Structure formats: structure tokens, C-alpha cells
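Below are the chains, spelled out letter by letter.
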Amino acid sequence: MTLTFHWFLPTNGDSRHVVGGGHGTPATASGQDRPPTVAYLSQIARAAEDLGFTGALTPTGAWCEDAWLTTAMVSRHTERLKFLVAFRPGFVSPTLAAQMASTFQRQTGGRLLLNVVTGGEGQEQRAYGDFLDKDARYRRTGEFLDVVRQLWDGKSVDLQGEHLRVEGARLARVPDPVPEVYFGGSSPVAGEIAARYADVYLTWGEPPAQVAEKIAWIRGLAAQQGRALRFGIRLHVITRDTAEQAWAEARRLLDGFDPETVRTVQAGLARSESEGQRRMLALHGGSRDDLETAPNLWAGIGLVRGGAGTALVGSHDEVADRIAEYHRLGIDEFVLSGYPHLEETYWFGEGVLPRLASRGLWSHPFRTEAAARTPIPFSTAGSTRRP
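What you see is a predicted model; the values in this text were computed from it and never measured.

A. Region of the structure containing the overall build of the protein chain. Tallying secondary structure elements over the protein chain gives 14 helices and 13 strands in all. Relative to a compact globule of 387 residues, whose C-alpha radius of gyration would be 21 Å, the protein chain shows 21 Å and is just as compact. Once the C-alpha set of the protein chain is aligned to its principal axes, its extents read approximately 70 × 55 × 40 Å. Every one of the 387 residues in the protein chain was classed for burial, and the buried ones make up 57%. Taking as baseline every contact in the protein chain between residues at least 6 positions apart, the subset at least 24 positions apart corresponds to 75%. Summing over all exposed atoms, the protein chain offers an accessible surface of approximately 16700 Å²; the carbon and sulfur share of this is 50%. Taken together, the 42 basic and 45 acidic charged side chains of the protein chain have centroids lying 5 Å from each other.

B. Up close: the packing of helix 5 (residues 134-152) against helix 6 (residues 188-197). Two elements in contact, helix 5 and helix 6, have axes separated by 9 Å at closest approach and are oriented at 5 degrees. By the angle between their axes, helix 5 is roughly parallel relative to helix 6. Mapping the contact onto sequence places D135, Y138, T141, G142, L145, D146 and R149 in helix 5 and V189, A190, I193 and Y197 in helix 6. Its residues placed into classes, the contact of helix 5 with helix 6 shows six nonpolar, two polar and three charged.

C. Helix 10 (residues 275-284), seen in detail. Along helix 10, seven of the 10 residues are buried, which leaves the element largely enclosed by surrounding structure. Those residues of helix 10 not exposed but buried are G276, Q277, R279, M280, L281, L283 and H284. Looking at the packing, one finds that the buried side of helix 10 touches strand 8 (200-204), helix 7 (208-224), helix 9 (259-270) and strand 10 (292-294). Two to three positions downstream of the cap, the backbone nitrogen of G276 sits 3.3 Å from a side-chain oxygen, assigning the N-cap of helix 10 to S274. Where helix 10 terminates, the next one or two residues include G285, which has phi positive at roughly 60 degrees.

D. Quick peek at the confidence of the model for the protein chain. Looking at the protein chain as a whole, its pLDDT mean stands at 92, while 94% of the residues score no less than 70. Here residues 369-387 is a poorly scored stretch, pLDDT under 50, and it has seven contacts once near neighbours within four places are set aside; other chains count.

E. Broad picture of the packing of aromatic side chains. One pass over the full model with this rule turns up 10 aromatic pairs. By way of ring pairs, the aromatic residues F5, W7, F53, F334 and F348 are connected into one cluster.

F. The nonpolar core, seen in detail. If you look at the biggest cluster of nonpolar residues, it comprises 78 residues, and the most contacted ones within it are F5, I323, Y326, F334, F348 and L356. Apart from residues no more than four positions distant in its own chain, L356 is found in contact with F5, A320, I323, L361 and W362. In terms of nonpolar packing, the next biggest core, distinct from the first, is built from 22 residues, A243, A246, W247 and L303 among them.

G. Region of the structure containing the pairing of strand 8. Of all five residues making up strand 8, four are buried, and the element is well covered by its neighbours. Bridging between strand 7 (residues 181-184) and strand 8 involves three bridges; their strand directions are parallel. Looking at strand 8, one finds that G184 is bridged to L202. Handedness of the crossover is the feature at issue here: the chain leaves strand 7, passes through helix 6, returns alongside strand 8, and the resulting connection is right-handed. Pairing analysis gives five bridges linking strand 8 to strand 9 (residues 230-240), with the strands arranged parallel. Bridge pairing in strand 9 places W204 opposite R234.

H. Structural detail: the side chain of E121. Considering the arrangement of structural elements, one finds E121 in the loop between strand 4 (112-116) and helix 4 (122-127). No salt bridge is formed by the buried E121. Its closest oppositely charged neighbour is R137, at 6.8 Å. Here the side chain of E121 touches S272 through a polar contact of 2.5 Å, side chain to side chain. Leave out the neighbours within four places in its chain, and E121 touches H23, G24, R137, R271, S272, E273 and S274.

I. Quick peek at unusual backbone geometry. The linkage connecting D176 with the following residue, P177, adopts the cis geometry, with an omega of 0 degrees. Following the sequence through the fold, P177 ends up in the loop between strand 6 (165-169) and strand 7. A cis amide bond links Y339 with the next residue in sequence, P340, at an omega value of -15 degrees. In this structure, P340 sits in the loop between strand 13 (333-337) and helix 12 (341-351). The phi dihedral of N296 is positive, around 70 degrees, even though this residue is not glycine. Along the polypeptide, N296 turns up in the loop between strand 10 and strand 11 (297-298).

J. Expanded view of the side chain of S75. Within the element layout of this structure, S75 appears in the loop between helix 2 (67-74) and strand 3 (82-87). According to the relative accessible area criterion, S75 is buried, its value standing at 2%.

K. Quick look at the environment of L336. The residue L336 is located in strand 13 in this model. With 330 residues separating them along the chain, L336 and H6 place their C-alpha atoms 6.1 Å apart. If sequence neighbours within four positions are ignored, L336 has contacts with F5, H6, W7, F8, R234, L235, V237 and F348.

Rules behind the numbers
- Residues numbered from 1 in each chain as written.
- Predicted model: local features only at pLDDT ≥ 70, side-chain atom pairs only at ≥ 80, totals over all residues.
- Heavy atoms only, no water.
- Helix = DSSP H or I, 4+ residues; strand = E, 2+ residues; numbered from the N terminus.
- Rg over C-alpha atoms; globule rule 2.2 N^0.38 Å.
- Buried < 20%, exposed > 50% of the residue type's maximum accessible area, 1.4 Å probe, protein only.
- Contact = heavy atoms within 4.5 Å.
- Areas by Shrake-Rupley, 256 points an atom, 1.4 Å probe, with all protein chains shown as cover.
- Lys, Arg positive; Asp, Glu negative; His and termini not counted.
- Charge placed at Lys NZ, Arg CZ, Asp CG, Glu CD.
- Axes fitted to C-alpha atoms, helices over the stretch in contact; angles between N-to-C directions.
- Parallel < 35°, antiparallel > 145°, perpendicular 65-115°, else oblique.
- Nonpolar A, V, L, I, M, F, W, Y, C, P; charged D, E, K, R; others polar.
- Polar contact = N/O pair within 3.5 Å; in protein donor to acceptor, adjacent residues only side chain to side chain.
- pLDDT = per-residue confidence, 0-100.
- Phe/Tyr/Trp six-rings, centres within 6.5 Å; stacked < 30°, edge-to-face > 60°.
- Core = buried A, V, L, I, M, F, W, Y, C linked by side-chain atoms within 4.5 Å.
- Pairing = 2+ DSSP bridges.
- Right-handed = clockwise from strand over helix to strand, strands pointing away.
- Salt bridge = Lys/Arg side-chain N within 4 Å of Asp/Glu carboxyl O.

As C-alpha cells, this is what we get:
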């Protein structure tokens, strides 16, 4: 099985500096450097498509643009790239969400993937009118996915659950193909829901030993349900021709962190209800010291950004080595990003992906289409000379 790579659409803005935000913290001022216009996001999406990324994750929350609307617009400027749309099941009925997914599949030619985000921050959830506590939100997510899965199977659904109620729910047209469901979470109840309903379990970029523990945990829970899941990891990347160049870029990003911003963001994230966020914070403890928590795994991003806070940093060969290491643990899908996202797409796509291909770990998912779109070299374009 070859590895699958997804990129990231920065719908909270982009910059040559780290753009913070997420888990109840607002996007930092650097997000205004490159506003998340459809034109700019489409540039990133087209680059990712051409380089061989299968899909692109689009985040959800008050700190960014709406994922459904944004990806629907960007999809018109791409041909094969899939969209891993993050959404919160507490904000929309399961029947409507199933219908939206079905429509998205038909209008894009089957290019929707769904990242179900239960919501880790009560304050942000309440701003949207959701007043359930965290465990109740996860139980509601289970009911939500139960309804959606049945609707996608073409069934008529009646449910009187703890949190959701539908009667005579049915889709006029089921999605083809059925979107795969990506799901993350580090709490016990999150693991139970993932094991029962997810196709791909996502973890943030923790050190390999911790990732191995998570994989074993979810595999065991899924086996109890008679299911087998795939596993993915969410990471930033800083990859260059040499390790020295990559670490110099990491230092440049770190030097751009305003100390007051770091203190404010860390204070906000310390109040997070998310077990995954707690694990991210434990990797750096709010300090700029000892940020390399495992070989080539740098926790500096998490000083100013909620959610995924670690980056693979190193030469192209070193980053390829770390990816191979995670793959040996059971990771098959990688959801990546880097600042700025347009340029970093090329650093990874032209530097690391060919090395993984040479090892037999990856192949371009759109190779035929990409070859057909390869431009004629400038030196021969328009020439009427014959050989």
C-alpha cells in the first residue's frame, strides 16, 4: 500500500510567519499577510494537485472561513484534488449533513472526504449555540454518524436518541462514492466513537512512541467492533536541501514569535478541554527550550497555534526517513502543512515525495493526468524546426 498525502488550505490566512489560531484562540495578525481568498487558496490547491497530494484539509471554527463553502468554490479551480472538509456535527442536523455530502460528491465528481470535529472547547461551542459538555458532545457525534451512515446506505432512519431525533429520514440520492470519515480524539469516549464509525483515525504529530500507543489503543477498540481502521497523522513540515537550511528556517519562524503573543496563546490553550491539546502542550510546556521532542520533530509551532503544533524539520532525506518511521508504526496517511503554504507545497512535493517514490512508498495518484498537463519546455515551444 502506497502512502497518501494531503496538504492544508489555510482558510485563516497565510504568511511567511506562523499563523496562530484554533482551539478557542483567534488567528494572529500574520494571517492578514495573505488573506484566504478563493484565488490564493486555489493556487495552493492546484500546486498540491500537480505535485501529487491526494487531498487538502480545510479547518473549521470561528478562527477561519467556513470549510463547506470555501472548498465548494475552490473545487471549481481543480480537477482531481479531494477536499477533507472539517465540520462539527453539533451545528447541523445529520440528515442535512448527509444531503450536503451527497450533493458535494455529485457536483465535484466524488472529491469529498469528511473530517468530523466534535469540538474540544466549550466556550467556542456555546458561541454557536451548543451547550453540551465534552463527553455529551462525543455521544451526540456517535448518534449523528449512526444516522448519516444509514442514510448513505440508502436506508430510512428513525432515531430517538439521547441528543438527536429524526423521523422518516431518507436521502433522495445517496452519495457515490460514500465519503470516507476521518476522526480524531485522545479521550476514552473519542476512541470509542472512532472505533465504531471512522474510516481513518487521525492523530496530531506526537513522538513515534506515543503514536504507536495510540494506534494500538484504537486498533484494539476497533477489533472489538469487528472493524479495521486506517491511520493518519497531522504534521507541519520544514524540509530543505540540507538539515542546516531547514533548522535555520525553524529558527527564523521561532524568532518571529512575539513573547506576549506566546504567553497569551499558551494561557488560552491551558484552559482547553481537549485531551489532544493537553498532549500537544506537554511537548513544549510553553518554553522555547528543547523543542526537538524526537529526532526531526519540532514542537515550536504549538507555541502560537492551537491544534497541530509539531513539524518535521530536516533535509529531504531526513524528513523521508521520519515519514517511513511513522509508516512502520501503521500510519498510511499524512496531512501536512507549512508556512507559507504555497511555497512549502513545492519544498515537500519536489524534495520529499520523489525520495519516497524511489523507496517504493509513494506514487503520484494523478500521474497520467499530470503528464498530460506538463508544459512544453520554453526552448522548443512554438518551434517549427523538425528533427
